[in-house]
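Secondary and tertiary structure notes
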Amino acid sequence: MASLSRALRVAAAHPRQSPTRGMGPCNLSSAAGPTAEKSVPYQRTLKEGQGTSVVAQGPSRPLPSTANVVVIGGGSLGCQTLYHLAKLGMSGAVLLERERLTSGTTWHTAGLLWQLRPSDVEVELLAHTRRVVSRELEEETGLHTGWIQNGGLFIASNRQRLDEYKRLMSLGKAYGVESHVLSPAETKTLYPLMNVDDLYGTLYVPHDGTMDPAGTCTTLARAASARGAQVIENCPVTGIRVWTDDFGVRRVAGVETQHGSIQTPCVVNCAGVWASAVGRMAGVKVPLVAMHHAYVVTERIEGIQNMPNVRDHDASVYLRLQGDALSVGGYEANPIFWEEVSDKFAFGLFDLDWEVFTQHIEGAINRVPVLEKTGIKSTVCGPESFTPDHKPLMGEAPELRGFFLGCGFNSAGMMLGGGCGQELAHWIIHGRPEKDMHGYDIRRFHHSLTDHPRWIRERSHESYAKNYSVVFPHDEPLAGRNMRRDPLHEELLGQGCVFQERHGWERPGWFHPRGPAPVLEYDYYGAYGSRAHEDYAYRRLLADEYTFAFPPHHDTIKKECLACRGAAAVFDMSYFGKFYLVGLDARKAADWLFSADVSRPPGSTVYTCMLNHRGGTESDLTVSRLAPSHQASPLAPAFEGDGYYLAMGGAVAQHNWSHITTVLQDQKSQCQLIDSSEDLGMISIQGPASRAILQEVLDADLSNEAFPFSTHKLLRAAGHLVRAMRLSFVGELGWELHIPKASCVPVYRAVMAAGAKHGLINAGYRAIDSLSIEKGYRHWHADLRPDDSPLEAGLAFTCKLKSPVPFLGREALEQQRAAGLRRRLVCFTMEDKVPMFGLEAIWRNGQVVGHVRRADFGFAIDKTIAYGYIHDPSGGPVSLDFVKSGDYALERMGVTYGAQAHLKSPFDPNNKRVKGIY
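Residues numbered from 1 in each chain as written. Predicted model: local features only at pLDDT ≥ 70, side-chain atom pairs only at ≥ 80, totals over all residues. Heavy atoms only, no water.

The next thing to look at is the packing of helix H3 (residues 76-87) against helix H7 (residues 213-226). Relative orientation of the contacting elements H3 and H7 amounts to 25 degrees, with a least axis distance of 9 Å. On the basis of the axis angle, H3 is roughly parallel to H7. Of the two possible hands of crossing, H3 and H7 adopt the one that is left-handed. For the pair H3 and H7, the contacting residues are Ser-76, Cys-79, Gln-80, Leu-82, Tyr-83 and Ala-86 in the first and Cys-217, Leu-220, Ala-223 and Ala-224 in the second. Here the contact of H3 with H7 is composed, by residue class, of eight nonpolar, two polar and no charged. (Axes fitted to C-alpha atoms, helices over the stretch in contact; angles between N-to-C directions. Helix = DSSP H or I, 4+ residues; strand = E, 2+ residues; numbered from the N terminus. Parallel < 35°, antiparallel > 145°, perpendicular 65-115°, else oblique. Left-handed = near helix turned anticlockwise from the far one by under 90°. Contact = heavy atoms within 4.5 Å. Nonpolar A, V, L, I, M, F, W, Y, C, P; charged D, E, K, R; others polar.)

And the structure:
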């Protein structure tokens, strides 16, 4: 039997072959390379998978003629979704599996479950999976799922990695996840076979464990069937029937199979690697790629029994306890793409490419030296699906009503399956998930990207290769860049702009004083024969961000912020989403969509939220009332009836478009939603000198009386027509100029020329982040999410609850207000000048009452500022007195710092500056 050390020698002796080698599936009984057999620890599944396929024998049970929901795919997500649909009372739920349960990718997965991740939502999802697999299923069915609680150990071989683990430990305290940071000596005591000579420390989570994919999915299917759901195996889906309603909306009508059809209004695509093919049947774009993902199973290792599972992120390797052996795998920089996904592939594996896998062997031997002389019992190399941001694809597809996604789980489908299956079931039944699933919602991607092969491939590769990298707060991708550039891109690049990427847009992050730092074409980090870029300025600047301390350019961002506070700064915000809502029913639609009263006279601008039926915040945005016009212009369409101009963050523009479109369809509103995001640019000039600067550029009186706050006008700027709005995202006197694309550069240059004598400078979104948190302005999906209500977030003023006008989410808000708020968003400041970024635990009177959602440094007040939701551990309402009476501290990497709670913004609490009062 081959040993790991022999595998290293074999790989070193042979030149590297094409990364696309070995794309075809191999039969389980075949052998190749140094392995004697292809097998996995789940012998029952393995044996059932051998021999002649039983698909030709027909479906395992007759197909019903109708179903309320059809789930396609019998892997982890399909089984979890079906189970949770049945548990929530959905009748007529059917799961169709083309072969047998787990036959695609689930059967060969490692089945690890780690409870801590650098995301509060994922910690909640993982907790639910653990409850289902470790306790609830067995209590419900009497069957053991194969759950083994042997603990998890994260390895830190450098200081930054240990800091990351300390951040996870602090977040875990907010969710009751027990974890301990261990010294190298303590780690050696816990895991005697481990080499700890190069360690800084470890994070030990005693209640982590492993799941048996076959046992879990079988139990889920039985539990779902007991509640009336149907599981039909050996039934490949061949098509999705679609119909178009009277309003032109495409909707699911049914599912076609080789053995008949099922009429249904709802389909859930849980087909994993094959999800793109299922999507094509319905005309839905599913942005994922298939890659080889491998591990090996060792022979018996004396003394390994009962040891915890190990993740050595810096070596990009994991070690899963397998009885008296280990499974060894990881994520490499040169994974093999499965170019031609076969629809005949079931219970199959690929030949393992030892040269690709070598780096994992080296890391494993370094961490557990006894592996050097340990034999390899089996190799496992199967397909997995990966997405452009390494997050799953979930929710209703924007192209087709009733078509839901539950796929693209990046080899984490087992551990996230329970939580995601529950949320997907809520989504289907109630129209929204219970938790904030925006990060997983397919609507997070702009439609121009979801069918762009190069972008999907590049981003999916980088996400795979960086899966075990330290998650730094301000990291940016190098792949899939320069997809969407605004009219000022080249102008700002020449002035030292360091760009951020947000869903395809290049937006200004901050300005580097030493010249241009362009983002270059993706080099795949030197993999696949690509030549890695040398002397890459942008990558060097990005590397400076790889810290949990203040970065080297902290003072550069400070300069931008203080210039805005003291004189003026110009922000390129062209990447904002810019929509028009117009038509005969536009006012009725706006009243229902927006929480604030936007039915004001033309020329008014209102800051508002859009809510879901649970009162959660789907968006915050500005809505400007337009006067009707029969003549279209670059700044307004021709329309009859009512019209509104909507502006929102570009990173969530697609989400906003989909939400509004869905509501309009459900309300059967006779109005148009027009996307002008690509046609208009936008610059924001903010600061005490902004009025003096713009008075030289705009052909209008900008006084408070002539141009009040929250109003807009069509004006000329340096001879070009613009829409000027008096608004602020940073808490200063200021205006936004919404500009036709062709006019952006001359208007920008005119503003900069006028501002030269007033101290006007360029500033980016890093400055906006700092300035906005200092003023207490909310950021959607940081301070505000779909599971946060505006009442909890301190935005009750955006809700027209004093008027009789109904709006989406109103009833939920009224119920919440009557019952009392169970949590509140609170501002904290600290005297200690330590950086915070979010996820820090919030302590009140010696108890953890929440965690920080967003944090930054406020340069005008010279303090770290943090915002987080707090709750009362007794379960009661969180009153203002409760907030004021507490003694608070924030925990950063295991160290607590005294903090002061604020009920108002610590900067300009009386809002004088936005009124021009300095």
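Let's pick the thread back up.
Looking now at the packing of aromatic side chains. Applying the stated criterion to the full structure yields 30 aromatic pairs. Measuring from centroid to centroid gives 5.1 Å for Trp-338 and Phe-350, while their planes differ by 75 degrees, and the two rings are edge-to-face. Of the two residues, Trp-338 is situated in the loop between strand S16 (325-330) and helix H9 (354-367) and Phe-350 in the loop between S16 and H9; the sequence distance between them amounts to twelve residues. Of the two residues, Trp-338 and Phe-350, both sit in the buried class. When the ring of Tyr-575 is compared with that of Tyr-765, the centres are 5.5 Å apart and the planes differ by 85 degrees; the resulting orientation is edge-to-face. Here Tyr-575 is found in the loop between strand S23 (568-572) and strand S24 (577-583), whereas its partner Tyr-765 is found in helix H19 (residues 765-775), with 190 residues between them in sequence. There is no split in this pair, since Tyr-575 and Tyr-765 are both buried. What links up through ring pairs into an aromatic cluster is the set Phe-337, Tyr-522, Tyr-524, Tyr-525 and Tyr-528. Lying over the aromatic face of Trp-274, Arg-98 brings its terminal NZ or CZ to 4.4 Å of the ring centre. (Phe/Tyr/Trp six-rings, centres within 6.5 Å; stacked < 30°, edge-to-face > 60°. Buried < 20%, exposed > 50% of the residue type's maximum accessible area, 1.4 Å probe, protein only. Lys NZ or Arg CZ within 6 Å of the ring centre and 35° of its normal.)

Turning next to the sheet that holds strand S20 (residues 484-485). Strands sit in the order S20-S22-S21 across an open sheet of three strands; the sheet is mixed. Whereas interior strands pair on both sides, the edge strands pair on one side only; in this sheet they are S20 and strand S21 (497-502). Each of S21 and strand S22 (505-511) is contacted by H19, which is oriented at about 70 degrees to S22, the strand it contacts most. (Pairing = 2+ DSSP bridges.)

Let's shift gears to the sheet that holds strand S30 (residues 712-717). Adjacent strands of a sheet pair through backbone hydrogen bonds, lying either parallel or antiparallel. As summarised here, the arrangement of the six strands in space is S30-S31-S32-S29-S23-S33, forming an open sheet in which the pairing is mixed. The outermost strands of the open sheet, each flanked by one partner alone, are S30 and strand S33 (760-763). Pairs of neighbouring strands in the sheet enclose a mean axial angle of 30 degrees, with direction left out of account. As paired strands, strand S31 (residues 720-725) and strand S32 (residues 734-740) are joined by three bridges and run antiparallel to one another. Residue Arg-723 lies in a different strand from S32, and its bridge partner there is His-738. Each of S23, strand S29 (680-686) and S33 is contacted by helix H14 (residues 554-566), which is oriented at about 120 degrees to S23, the strand it contacts most.

Domain boundaries assigned for the protein yield domain 1 (148-209 + 290-383), domain 2 (478-543 + 555-576 + 679-777), domain 3 (577-676 + 789-819) and domain 4 (820-917). For domain 1 and domain 2, the distance between their C-alpha centres works out to 44 Å. (Domains from an automatic or database assignment.)

Another aspect to go through is the UniProt feature "modified residue: Tele-8alpha-FAD histidine" in the protein. UniProt marks His-108 with the feature "modified residue: Tele-8alpha-FAD histidine", using the numbering shown here. Classification of His-108 by relative accessible area gives buried; the value is 2%. (UniProt positions renumbered as here; feature names shortened; annotations may be inferred.)

We now examine unusual backbone geometry. Its identity as a non-glycine residue notwithstanding, Asp-535 has a phi of 50 degrees, on the positive side. By the element assignment, Asp-535 lies in the loop between S22 and helix H13 (537-544). One non-glycine residue, Asn-845, lies in the positive phi region at around 50 degrees. One can find Asn-845 in the loop between strand S35 (841-844) and strand S36 (847-858).

Across its 14 residues, H9 extends 19 Å between first and last C-alpha, which sits within 8% of the 20 Å expected from 1.5 Å per residue. The buried fraction of H9 is high, at eleven of 14 residues. Within the span of H9, buried status applies to Trp-354, Glu-355, Val-356, Phe-357, Thr-358, His-360, Ile-361, Gly-363, Ala-364, Ile-365 and Arg-367. You can read the cap of H9 off the contacts: a side-chain oxygen lies 3.0 Å from the backbone nitrogen of Glu-355, and it is on Asp-353. (Expected span 1.5 Å × (residues − 1). Polar contact = N/O pair within 3.5 Å; in protein donor to acceptor, adjacent residues only side chain to side chain.)

What follows is about the UniProt feature "modified residue: Phosphotyrosine" in the protein. Under the local residue numbering, the UniProt record ascribes the feature "modified residue: Phosphotyrosine" to Tyr-777. Along the chain, the position of Tyr-777 falls in the loop between H19 and helix H20 (810-819). Judged by its relative accessible area of 24%, Tyr-777 falls in the partly exposed class. Those residues within four positions of Tyr-777 in sequence are excluded, and the remaining contacts are Ser-728, Phe-729, Val-730, Gly-731, Ser-772, Asp-783, Arg-854 and Val-914.

Our focus in this paragraph is the side chain of Asp-312. Following the sequence through the fold, Asp-312 ends up in strand S14 (residues 309-312). Beyond its immediate chain neighbours, meaning those up to four positions away, Asp-312 contacts Ile-155, Val-317, Arg-367 and Tyr-468.

Before going further, it helps to spend a moment on the pattern of salt bridges. Inspection of the entire model under this criterion finds 52 salt bridges. We note a salt bridge from Glu-339 to Arg-457, for which the minimum N-O separation is 2.7 Å. Pair noted here: Glu-339 is in the loop between S16 and H9 and Arg-457 is in helix H11 (residues 453-465), with a separation of 118 residues, a long-range link. Residues Glu-491 and Arg-749 are paired through a salt bridge, measuring 3.0 Å at the closest nitrogen-oxygen approach. One end of the pair, Glu-491, is in helix H12 (residues 489-493); the other, Arg-749, is in helix H18 (residues 744-755), and 258 residues separate them in sequence. For Arg-749, a relative accessible area of 49% gives the class partly exposed. (Salt bridge = Lys/Arg side-chain N within 4 Å of Asp/Glu carboxyl O.)

Here Leu-126 is to be found in helix H4 (residues 120-141). If we ignore the near neighbours within four places in the chain, the residues touching Leu-126 are Leu-113, Trp-114, Gln-115, Arg-117, Met-415 and Leu-416.

Attention now moves to the pairing of S31. Pairing of S30 with S31, which is carried by six bridges, proceeds in the antiparallel orientation. Within S31, the position partnered with Ala-717 by the bridge is His-720. Between S30 and S31, which pair antiparallel and follow one another directly, the connecting turn spans two residues, one of which, Ala-718, has a positive phi of 55 degrees.

This next bit is on the environment of Tyr-546. Within the secondary structure, Tyr-546 is located in the loop between H13 and H14. With a relative accessible area of 28%, Tyr-546 lands in the partly exposed category. For Tyr-546, the residues in contact, after removing those within four places along its chain, are Gln-160, Lys-466, Phe-472 and Asp-475.

Another aspect to go through is the side chain of Ser-595. Looking at where Ser-595 falls in the secondary structure, it is placed in the loop between helix H15 (586-593) and strand S25 (605-611). The exposure class assigned to Ser-595 is buried, which follows from its relative accessible area of 1%. One polar contact links the side chain of Ser-595 to the main-chain carbonyl oxygen of Thr-798, over a distance of 2.8 Å. Apart from the residues lying within four places of it in its own chain, the contact partners of Ser-595 are Thr-608, Cys-609, Leu-611, Thr-798, Cys-799, Lys-800 and Phe-807.

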